[in-house]
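Now for the letters of each chain:
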Amino acid sequence: TQVQQLRVVLEAIENKSQERSWLRHQSTGELDDGKIVDGATGERLIFKKCGDDDSPIGPESDKPKRLLFCMDVSGSMYRFNGQDGRLERLLECTMMV
C-alpha cells in the first residue's frame, strides 16, 4: 500500500543519514580524482577519506523543526471514499504521522 511505501522511503532516509560518506579536502587518504589538477598546481588537500561527516547539512540542521499538516475532511472525502478509498488512505497517513 502507499503507507508501506512511505515507511520504506522514510526508513531509507534514516539509514542514509547514518551512512558514512567521503570526507574531501584531506591531507591523507585516497587520491580525490576531482583534485588531480589542483595537486599538480601545488594544492596539498587533494585526498579523501571515508568517515562520518559531523558537519550539519545546513546552517540550521540541529535546530528543531516544526511541521504543520492540513487534512481534507470535507464531505467529498466521505462521498467518494467508496470509489477510491481516499478517506481510508488519509486516515492511515494521519495515524502514521
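Scroll up for the structure.
Starting from 1, residues in each chain are numbered consecutively following that chain's sequence as written. pLDDT decides what is reported in this predicted model: residues at 70 or higher carry local features, side-chain atom pairs at 80 or more are listed and counted, and totals for whole chains, interfaces and linings draw on all residues regardless. The basis for the side-chain values is all heavy atoms of the structure; hydrogens and waters are excluded.

Remarks on the overall build of the protein chain
Secondary structure elements follow DSSP: runs of H or I of four or more residues count as helices, runs of E of two or more count as strands, with numbering from the N terminus. Along the backbone of the protein chain there are five helices and three strands. Listing each helix as α and each strand as β along the protein chain from the N terminus yields α-β-β-α-β-α-α-α. Throughout this description, buried means an accessible area under 20% of the type-specific maximum (1.4 Å probe, protein chains only), exposed means over 50%, and partly exposed covers the range between. A buried classification covers 11% of the 97 residues belonging to the protein chain. Only the protein chains shown count as covering a residue, and every accessible area follows the Shrake-Rupley method with a 1.4 Å probe. Surface exposure of the protein chain reaches about 8,600 Å², of which carbon and sulfur atoms provide 55%.

Some thoughts on the pairing of strand 3 (residues 47–51)
Bridge analysis of strand 1 (residues 21–26) against strand 3 gives four bridges, and the strand direction is antiparallel. Its bridge partner lying in strand 3, Trp22 is registered against Cys50. As paired strands, strand 2 (residues 30–31) and strand 3 are joined by two bridges and run antiparallel to one another. Within strand 3, the residue paired with Glu30 across the bridge is Lys48. Any two strands are treated as partners once DSSP identifies two or more bridges connecting them.

What to know about the packing of aromatic side chains
Any two rings among Phe, Tyr and Trp, with Trp reduced to its six-membered ring, count as a pair given centres within 6.5 Å; such a pair is stacked if its planes are under 30 degrees apart, edge-to-face if over 60, and tilted if neither. Summed over all chains, the structure comprises zero aromatic pairs. The rule is short: NZ of Lys or CZ of Arg within 6 Å of the ring centre and within 35 degrees of the ring normal puts a charge over the ring. Sitting over the face of the ring of Trp22, Lys48 holds its NZ or CZ atom 4.6 Å from the ring centroid.

A look at unusual backbone geometry
For His25, which is not glycine, the phi torsion reads 60 degrees and is therefore positive. Along the chain, His25 falls in strand 1.

A word on the sheet that holds strand 1
Taking strand neighbours across the sheet as the criterion, the three strands line up as 1-3-2 in an open arrangement whose pairing is antiparallel. Strands at the two margins of the open sheet, each flanked by one partner only, are strand 1 and strand 2.

A closer look at the pattern of salt bridges
Within this document, salt bridges are pairs made up of a side-chain nitrogen of Lys or Arg and a carboxyl oxygen of Asp or Glu, the two lying within 4 Å of each other. Scanning the model with the defined rule gives three salt bridges in all. The salt bridge partner of Asp32 is Arg24, with a shortest N-O separation of 2.7 Å. A salt bridge links Asp84 to Arg86, with the nearest nitrogen and oxygen atoms 2.9 Å apart. Residue Arg86 is classed as partly exposed on the basis of its relative accessible area, which comes to 27%.

Looking at the side chain of Asn81
Within the secondary structure, Asn81 is located in helix 4 (residues 81–84). Classification of Asn81 by relative accessible area gives buried; the value is 12%. Two N or O atoms form a polar contact when they lie within 3.5 Å of each other; inside protein one atom must be a possible hydrogen donor and the other a possible acceptor, and for residues adjacent in sequence the pair counts only when both atoms belong to side chains. A distance of 3.0 Å separates a polar atom in the side chain of Asn81 from the backbone nitrogen of Leu87. At 2.9 Å, the side chain of Asn81 and the side chain of Glu88 are in polar contact. Note on contacts: a residue pair qualifies if any of its non-hydrogen atoms lie within 4.5 Å across the two residues. Beyond its immediate chain neighbours, meaning those up to four positions away, Asn81 contacts Arg86, Leu87 and Glu88.

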